[in-house]
Amino acid sequence: MTIVRISDDALARAGGADKLAAAFEKKGCEVHRTSSWGMHWLEPLVEIDGEGFGPATLDDVDAILDGKSDKSIGTIEDHPFIATQTRITFKRAGKTRPLSLEDYEATGGWAGLKRARQIGSEAIVEEVKHSGLRGRGGAGFPTGIKWDTVMKAPGPQKYIVCNADEGDSGTFADRMAMEGDPFALIEGMAIAGEAVGANQGYIYLRSEYPDAIRKLNAALELCEDIITPFKCEVRVGAGAYVCGEETSLLNSLEGKRGEVRAKPPLPALEGFLGKPTVVNNVLSLQAVPHILTEGGAEQYKNAGFGRSRGTMPIQLAGNIKHGGLYEVGFGITLDDLVNKIGGGTASGRPVKAVQVGGPLGAYIHPDQFDIEFDYETYTAAEALIGHGGVTVFDDSADMLEMARFAMEFCSVESCGKCTPCRIGAVRGVEILDRIKAGGRERDVIELAPQMHNTKKDSGRDAGDEIGLLTDLCETMKFGSLCALGGFTPYPVMSALRQWPEDFTRNPELVKQALPEAAE
Amino acid sequence: MSEKSELLGEIIARHHHREGPLLPILNDVQAELGCVDAESEALIAKGLNLSRADVHGTVSFYHDYKIKADPRPVVQVCRAEACKARGVERIIDKATAAAGERVKIETVYCLGLCSAGPAARTGDDLHIRLDEAGITKLVENA
């Protein structure tokens with residue numbers, strides 16, 4: 001019987017994979033629902049004997065089975081998009097059935113946990129440190145050092161919390177990891193538990209990912225006996241972006257408003273319910289089982305670039321021809337990512353801007369596309385790699401609108417705890433609206449005789465408003481408690497600096513307001 | 001006891017043993033009643049030995065919880081950056097026009113389908129690569 005492999009990833013299902021699978025079953029084929037290879041422009045992708053056909057529709061079923069389909073992409077593993085990757089975190093992507101324990105074990109599953117149990121907590125932490133793994137949630141904090149802190153923290157009760165509140169637009173690696181390889185995440189958490197002495201884990205998962213919720217719950221039930229005495233539970237969020245911030249997430253997990261906590265105390269010492277807690281991103285924990293296999297740490301470390309060790313699952317999103325998941329050992333340039341691997345824009349128009357790192361990441365101009373993917377290099381360029389999302393925009397994008405959206409998003413999602421973020425974002429939207437309108441007339445307050453310092457003879461032009469925006473961004477950047485308010489200025493200011501013509505008819509005004517941009 | 005307080009009692013009992021039981025309870029209440037109203041807040045507060053202010057504080061923080069149930073079908077449309085880059089703003093007017101008063105169009109920020117937007121969600125079903133015709137059909141069938 002012909003074995004047909006079709007992904008049951010949410011994206012493939014949204015593209016009609018379920019109906020396609022049913023059609024192949026009706027033709028007498030054995031259908032295996034696997035994880036997704038990550039080539040999203042080809043989903044739903046049908047695989048028969050290693051050969052791929054996509055994007056497949058119901059009309060293609062007969063032709064595929066007769067070997068006459070014009071949608072063949074050849075052997076999937078040899079496809080340049082796959083062959084040029086270094087897949088460690090996503091080593092099972094496309095190859096296994098997500099909820100099959102048999103498939104998981106056959107591909108090296110649980111080996112990391114078994115070895116971790118043999119070598120003991122201090123050796124586990126040493127190996128994670130040696131691997132150079134840094135938090136994949138965005139901040140890039142060394143995972144081994146975090147574990148070390150929790151391991152040494154006193155207290156009988158400790159927790160492992162997985163941050164699966166992947167709210168950044170342009171990112172979907174967590175979703176794919178949880179849906180495609182849920183046991184690896186659970187194994188990673190069990191290893192973390194072994195390392196720091198925690199027997200309870202929580203996966204805080206956003207409500208926008210129904211498929212991931214279902215799969216992880218099913219996976220936890222299946223492997224309950226394997227991970228015991230470690231216990232783990234899925235907790236579903238309620239639609240608050242800010243809960244991706246670790247302290248806000250902990251408050252939410254406790255059943256409180258998802259407001260950010262001031263640090264210190266670090267969650268590593270006083271986290272969930274005040275107990276020492278490891279909070280790690282899905283991708284960090286997902287990388288752990290491999291690191292803990294024999295020689296895995298060394299292999300992981302060797303895959304890196306500069307001080308960014310290991311691999312980064314990069315997500316190619318937005319207006320890109322070949323979007324999907326691209327895991328690579330850092331160091332790759334944006335030009336390679338967007339133009340070579342991504343094939344340029346989906347619309348066929350020129351690339352105007354690329355936002356790296358989600359809604360809080362800077363917009364990068366094609367002139368800077370030689371920048372290498374690395375935590376330190378991006379920080380030096382006033383940008384961030386964040387969770388590794390790369391969102392491409394074509395030349396129809398209006399950068400003033402995108403800057404305004406960044407502020408609007410921040411105002412909608414602000415937790416309200418600190419003033420620069422809560423009020424600054426609202427003011428930011430207003431200022432950008434005024435810049436769009438080319439400034440504004442004098443208002444009643446300014447004309448009042450008591451207001452000695454206001455200009456009486458003219459209104460405020462766009463240049464004045466741009467000066468004010470710059471000032472506001474400075475305040476938000478340095479005055480906010482967490483990254484939401486603190487990083488919203490990145491997209492706003494990068495858009496303003498590089499596309500001043502989208503903000504005002506007279507870009508000279510921007511140069512005057514931003515002396516450093518003129519250099 | 002009213003039907004509602006019975007149901008709430010059941011939901012509270014389901015999650016009472018958990019560490020931090022409030023969000024799981026609220027998620028279930030929202031799912032089963034379509035809202036978390038003041039009466040539910042009071043009952044949950046009593047069941048968990050919290051103040052009503054505590055519960056209301058949490059309820060009012062999260063976008064998913066509604067004060068009043070809305071019987072209309074909901075289509076959630078992603079309007080975050082990646083879907084904007086793929087043209088959601090050019091089709092959203094069509095969706096709103098097709099929805100009229102009958103269907104509720106909600107904005108969400110990111111469904112994790114960023115390489116194949118514009119994306120939308122109805123119930124637990126996801127939809128990708130929407131164009132004007134696609135989103136109109138989706139709204140009409142909601």
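These figures come from a predicted structure and were not determined experimentally.

> Which parts of the structure should I look at to understand the environment of Glu106 of chain B?
Residues and elements named next belong to chain B. Structurally, Glu106 is set in strand S2 (residues 104–108). Spatially, the C-alpha atom of Glu106 lies 8.5 Å from that of Cys78, the residues being 28 residues apart in sequence. Setting aside residues up to four positions removed in sequence, Glu106 forms contacts with Lys66, Val74, Val75, Gln76 and Val77. In terms of polar contacts, Glu106 uses its side chain to reach the side chain of Lys66, at 3.4 Å. At 3.1 Å, the side chain of Glu106 and the side chain of Gln76 are in polar contact.

> For this particular structure, what's the right way to read the sheet that holds strand S3 (residues 120–122) of chain B?
Backbone hydrogen bonds hold the strands of a sheet together, and the pairing may be parallel or antiparallel. Residue and element names in this part refer to chain B. In spatial order, the strands read S2-S1-S3-S4; together these 4 strands make up an open sheet with mixed pairing. Taken across any chain shown, the strands that pair with only one partner, and hence form the sheet edges, are S2 and strand S4 (125–127). Geometrically, the sheet is characterised by an average inter-axis angle of 25° between neighbouring strands, direction not taken into account. Taken together, the 3 bridges between S3 and S4 define a ladder with antiparallel strand orientation. Following the sheet pairing, Ala120 is matched in S4 by His127. Of the strands in this sheet, strand S1 (74–78) and S2 touch helix H6 (residues 88–99), which is tilted by about 155° from S2.

> Is there a simple way to think about the side chain of Asp174 of chain A in this case?
Residues and elements named next belong to chain A. Relative to the helices and strands, Asp174 resides in helix H9 (residues 173–180). One buried charged residue, Asp174, remains without a salt bridge, the closest side chain of opposite sign being Arg206 at 8.5 Å. Within the structure, the side chain of Asp174 is placed 3.2 Å from the side chain of Asn281, a separation counted as a polar contact. Discounting chain neighbours no more than four positions away, the residues touching Asp174 are Asn163, Glu166, Asn281, Val282, Leu283 and His387.

> Just checking my understanding: could you explain unusual backbone geometry for this structure?
One can expect most non-glycine residues to show negative phi and most peptide bonds to be in trans. Going from Glu43 of chain A to Pro44 of chain A, the amide bond is cis rather than trans, its omega being -5°. Cis rather than trans, the peptide bond between Gly117 of chain B and Pro118 of chain B has omega equal to -10°. Topologically, Pro118 of chain B is positioned in the loop between S2 and S3. Even without a glycine there, the phi angle at Trp110 of chain A is positive, about 70°.

> Looking at this structure, how should I read the domain arrangement of chain A?
Where interface size is given, it is often the accessible area lost as the parts come together that is meant. Here chain A is described as being made up of domain 1 (3–83), domain 2 (101–302), domain 3 (312–394) and domain 4 (399–518). Measuring from the centre of the C-alpha atoms in domain 1 of chain A to the corresponding centre in domain 4 of chain A gives 49 Å.

> I tried to follow the sheet that holds strand S8 (residues 231–236) of chain A on my own but got confused; where do I start?
Residue and element names in this part refer to chain A. With respect to topology, 4 strands assemble into an open sheet ordered S8-S7-S6-S9, the strand pairing being parallel. Taken across any chain shown, the strands that pair with only one partner, and hence form the sheet edges, are S8 and strand S9 (277–281). Pairwise comparison of adjacent strand axes, ignoring direction, gives a mean angle of 20° for this sheet.

> Mind showing me how you'd approach the interface of chain B and chain A here?
The interface of chain B with chain A comprises 37 residues on the first partner and 64 residues on the second. Here chain B packs against chain A, burying approximately 3800 Å² in sum over the two surfaces, 55% of which is carbon and sulfur. Summed over the shared surface of chain B and chain A, the number is 1 salt bridge. Across the pair Glu233 of chain A and Arg18 of chain B runs a salt bridge whose closest N-O atoms are separated by 2.8 Å. Applying the counting criterion to the chain B and chain A interface returns 28 residue pairs in polar contact (both at pLDDT 80 or more). Partitioning the side of chain B that touches chain A into residue classes produces 17 nonpolar, 9 polar and 11 charged.

> Is there a simple way to think about the domain arrangement of chain B in this case?
Taken domain by domain, chain B holds domain 1 (3–61) and domain 2 (74–140). For domain 1 of chain B and domain 2 of chain B, the distance between their C-alpha centres works out to 31 Å.

> How do you make sense of the pattern of salt bridges when you look at a structure like this?
Residues and elements named next belong to chain A. Under the definition given, this model contains 55 salt bridges over all chains. Across the pair Lys146 and Glu246 runs a salt bridge whose closest N-O atoms are separated by 3.9 Å. Separated by 100 residues along the polypeptide, Lys146 in helix H8 (residues 143–152) and Glu246 in helix H13 (residues 246–253) bring together distant segments of the chain. The shortest N-O distance in the salt bridge between Glu465 and Arg434 comes to 3.0 Å. Separated by 31 residues along the polypeptide, Glu465 in helix H21 (residues 462–479) and Arg434 in helix H19 (residues 419–436) bring together distant segments of the chain. Overall, the relative accessible area of 0% leaves Glu465 in the buried class. Several salt bridges converge on common partners, so that one network encompasses Arg434, Arg440, Asp443, Glu446, Arg460 and Glu465.

> Even after reading the chapter, I still don't get the pairing of strand S14 (residues 389–394) of chain A, so can you show me in this structure?
Working note: regular strand, side chains alternate between the two faces of the sheet. Residues and elements named next belong to chain A. In terms of burial, S14 is largely enclosed, as 6 of its 6 residues are buried. Here S14 shows no split at all, with Gly389, Thr391 and Phe393 on one side and Val390, Val392 and Asp394 on the other all buried. Summarising the sheet, strand S10 (residues 312–318) and S14 pair through 4 bridges and their orientation is parallel. Bridge pairing in S14 links Ala317 to Thr391. Two strands pair when backbone bridges link them, and strand S12 (residues 351–356) and S14 are joined in this way by 5 bridges, in the antiparallel orientation. If you follow Val351 over to S14, its bridge partner there is Asp394.

> Quick question: what am I supposed to make of the environment of Cys110 of chain B here?
Within the element layout of this structure, Cys110 of chain B appears in the loop between S2 and S3. According to the relative accessible area criterion, Cys110 of chain B is buried, its value standing at 1%. Note: C-alpha distance between Cys110 of chain B and Cys78 of chain B (32 residues apart in sequence) is 5.5 Å. In this structure, Cys110 of chain B is in contact with Gly167, Asp168, Ser169, Gly170, Thr171, Arg206 and Glu208 of chain A together with Cys78 and Ala80 of chain B, ignoring residues within four places of it in sequence.

> Looking at this structure, how should I read the packing of aromatic side chains?
We describe a pair of aromatic rings using the distance from one ring centre to the other and the angle between the two ring planes. Under the definition given, this model contains 18 aromatic pairs over all chains. For the ring pair Phe61 of chain B and Tyr62 of chain B, a centre distance of 5.0 Å and an interplane angle of 75° mean the geometry is edge-to-face. In this structure, Phe61 of chain B and Tyr62 of chain B share a single accessibility class: buried. Judged by centre distance (5.9 Å) and plane angle (70°), the rings of Tyr62 of chain B and Tyr65 of chain B are edge-to-face. Tyr65 of chain B sits in the buried class, given a relative accessible area of 7%. Through pairs of rings, three or more aromatic residues link up here, namely Tyr241, Phe405 and Phe409 of chain A together with Tyr109 of chain B. One Lys or Arg, Arg206 of chain A, reaches over the ring of Tyr209 of chain A and ends 4.8 Å from the middle of that ring. A cation over an aromatic ring shows up here: Lys84 of chain B above the ring of Phe405 of chain A, its NZ or CZ 4.3 Å from the ring centre.

Basis of the calculations
Each residue is numbered by its place in its chain's sequence as written, counting from 1. As a convention, the first chain written is A and the first ligand written is 1, with the rest following in written order. Given that this is a predicted model, residues contribute local features only at a pLDDT of at least 70 and side-chain atom pairs are listed and counted only at 80 or more, while totals for whole chains, interfaces and linings are drawn from all residues. To obtain the side-chain values, all non-hydrogen atoms of the structure were used and water was disregarded. Secondary structure counts use DSSP, requiring at least four H or I residues in a row for a helix and at least two E residues in a row for a strand, with both numbered from the N terminus. The criterion used for residue contact is that any of the two residues' heavy atoms lie within 4.5 Å. Pairing of N or O atoms within 3.5 Å defines a polar contact, subject to two protein rules: one partner must be a possible hydrogen donor and the other a possible acceptor, and residues neighboring in sequence count only if both atoms are side-chain atoms. Strands were regarded as paired on the criterion that DSSP finds at least two bridges between them. For helices, the fitted axis covers only the stretch in contact; all axes are lines through C-alpha atoms, and the angles between them, taken along N-to-C directions, range from 0 to 180 degrees. Burial here depends on accessible area, computed with a 1.4 Å probe over protein chains only, as a share of the maximum for the residue type. Under 20% is buried, over 50% is exposed, and the range in between is partly exposed. For this count, His and the chain ends are skipped, Lys and Arg are scored as positive, and Asp and Glu as negative. When a carboxyl oxygen of Asp or Glu is within 4 Å of a side-chain nitrogen of Lys or Arg, the pair counts as a salt bridge. Throughout the structure description, domain borders are defined by an automatic or database domain assignment. Each of two parts loses accessible area, computed with a 1.4 Å probe, when they are put together; buried area is these two losses added. The nonpolar class holds Ala, Val, Leu, Ile, Met, Phe, Trp, Tyr, Cys and Pro. Asp, Glu, Lys and Arg form the charged class, and all remaining residues, Gly among them, are polar. Aromatic contacts are taken between Phe, Tyr and Trp rings whose centres are within 6.5 Å, Trp giving its six-membered ring; a plane angle under 30 degrees counts as stacked, one over 60 as edge-to-face, and the others as tilted. A ring is considered to have a charge above it if a Lys NZ or an Arg CZ atom is located within 6 Å of its centre and within 35 degrees of its normal.

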